[in-house]
Amino acid sequence: MTNYAIIVAGGSGTRMGSAIPKQFLEINGLPVLMHTINTFHNFDASLQLVLVLPEDQIAYWQDLCQKHRFSVAHAITPGGATRFESVKNGLQLVKEPALVGIHDGVRPFVSPDTLKRCYHHAKALGNAIPVLDAFESIRQIEEDCSKALDRSTIKLVQTPQVFHTDCLLPAYNQPYTPLFTDDASVVEAYGRTIHLVAGNRENIKITTPFDLVLAEAFIKAGFEESKEEEEDEVPMNNA
Ligand SMILES: Nc1ccn([C@@H]2O[C@H](COP(=O)(O)OP(=O)(O)OP(=O)(O)O)[C@@H](O)[C@H]2O)c(=O)n1
Ligand SMILES: C[C@](O)(CO)[C@H](O)COP(=O)(O)O
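Because the structure is a prediction, the values reported are computed rather than measured.

Student: Could you give an account of the UniProt feature "site: Transition state stabilizer" (unreviewed entry) in the chain, naming the residues involved and the relevant values?
Tutor: In the numbering used here, UniProt assigns the feature "site: Transition state stabilizer" (unreviewed entry) to Arg 15 and Lys 22. With respect to the helices, strands and loops of the structure, Arg 15 is situated in the loop between strand S1 (3–8) and strand S2 (26–27). Classification of Arg 15 by C-beta neighbours within 10 Å gives partly exposed; the count is 13. Not counting the four nearest positions on each side in its chain, Arg 15 is found in contact with Thr 207 and Thr 208.

Student: Describe unusual backbone geometry, listing the residues and the values that go with them.
Tutor: A cis geometry characterises the amide bond from Thr 159 onward to Pro 160, with omega recorded as 15°. Residue position: Pro 160 is located in the loop between strand S10 (155–157) and strand S11 (161–164). One non-glycine residue, Asn 28, lies in the positive phi region at around 55°. For Asn 28, a count of 11 C-beta atoms within 10 Å puts it in the exposed group.

Student: So what's going on with the site of ligand 1? Which residues, and what values?
Tutor: Around ligand 1, the surrounding shell holds 21 residues, and the nearest of these are Gly 10, Gly 11, Thr 14, Arg 15 and Ser 86. Residue composition of the shell around ligand 1, grouped by class: five nonpolar, twelve polar and four charged.

Student: Tell me what's going on with the UniProt feature "site: Positions MEP for the nucleophilic attack" (unreviewed entry) in the chain, and back it up with residues and numbers.
Tutor: The sites that carry the UniProt feature "site: Positions MEP for the nucleophilic attack" (unreviewed entry) are, in the present numbering, Arg 151 and Lys 205. With respect to the helices, strands and loops of the structure, Arg 151 is situated in the loop between strand S9 (146–148) and S10. What makes Arg 151 partly exposed here is the crowd of 14 C-beta atoms within 10 Å. Discounting chain neighbours no more than four positions away, the residues touching Arg 151 are Ala 134, Ser 137 and Ile 138.

The rules behind the values
- Each chain has its residues counted from 1, running along the sequence as written.
- Written order determines the labels here, with chains lettered from A and ligands numbered from 1.
- Residue-level local features of this predicted model are given only where pLDDT is at least 70; pairs of side-chain atoms are given and counted only at 80 or more, and the full residue set underlies all totals for whole chains, interfaces and linings.
- UniProt positions are given in the numbering used here, feature names are shortened, and annotations may be inferred rather than shown by experiment.
- Numbered from the N terminus, helices here are DSSP runs of H or I no shorter than four residues, and strands are runs of E no shorter than two.
- Buried residues are those with 20 or more other C-beta atoms within 10 Å of their own C-beta, exposed residues have 12 or fewer, and partly exposed residues lie in between; C-beta atoms are placed from the backbone.
- By the convention adopted here, residues are in contact when the distance between their C-beta atoms, placed from the backbone, does not exceed 7 Å.
- Using a C-beta atom placed from the backbone, a residue is scored as near a molecule or strand whenever that atom is within 6 Å of it.
- Each residue is assigned to one class: nonpolar for Ala, Val, Leu, Ile, Met, Phe, Trp, Tyr, Cys and Pro, charged for Asp, Glu, Lys and Arg, and polar for all the others, Gly among them.

Below, the structure written as structure tokens:
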């Protein structure tokens, strides 16, 4: 079976506040998006890569590819007004039964071990998403106070979120709701149980200028080729 990765980069990066969308900003001399694509290609060169871009930035991306002599093969499709719409557009290019990983273009530090866990467990279980433990205390805001929550019941969700097309394609035919903040919420609304595997802590979503500082620091520390040695091959839930 062919495996796919849909890399969504169709957003405008309002929280970054930069003149060009954050996915095109350079870290260590290379656009964020090229780091992300390289990570997937280095993990598995047989992955079919689909890149979702803002329609009005496609020519700019093609110029960047020329400038950086970027040669990793990828299909390109225009994004939509929401991440949901952008993923939906990317799915139009998946033409066969497949495992499809959906990844934020602005998460260049996903580790090979996280990628392996996600695709491996999705193959066995139908889906898998990477999560982290909450490592700070958590409070829920109520009307006039706040309340401590049991953080052992909370997980922080990353990408890639990997699914078999048999549930992913029909799930994305559901009408959009703002509660669809990721792909797992879409597939869960379609009635499937979501399987959790361990993510990696440096797999941050570059969202604000602070994250760019972290990104440069990660590269200096050598996280680009990820040195971690995680062996957690067991899904965090087996439901
Ligand atoms: N219409 C959209 C919105 C988001 N994304 C992508 O989804 C990922 C996660 O979204 P986020 O970090 O929120 O990116 P932006 O929407 O660009 O940022 P902001 O919310 O600050 O505008 C990003 O890779 C982004 O490009 C997308 O493909 N299409
Ligand atoms: C998909 C995601 O990255 C999982 O953590 C996240 O939900 C995206 O959120 P945003 O609203 O696009 O920042």
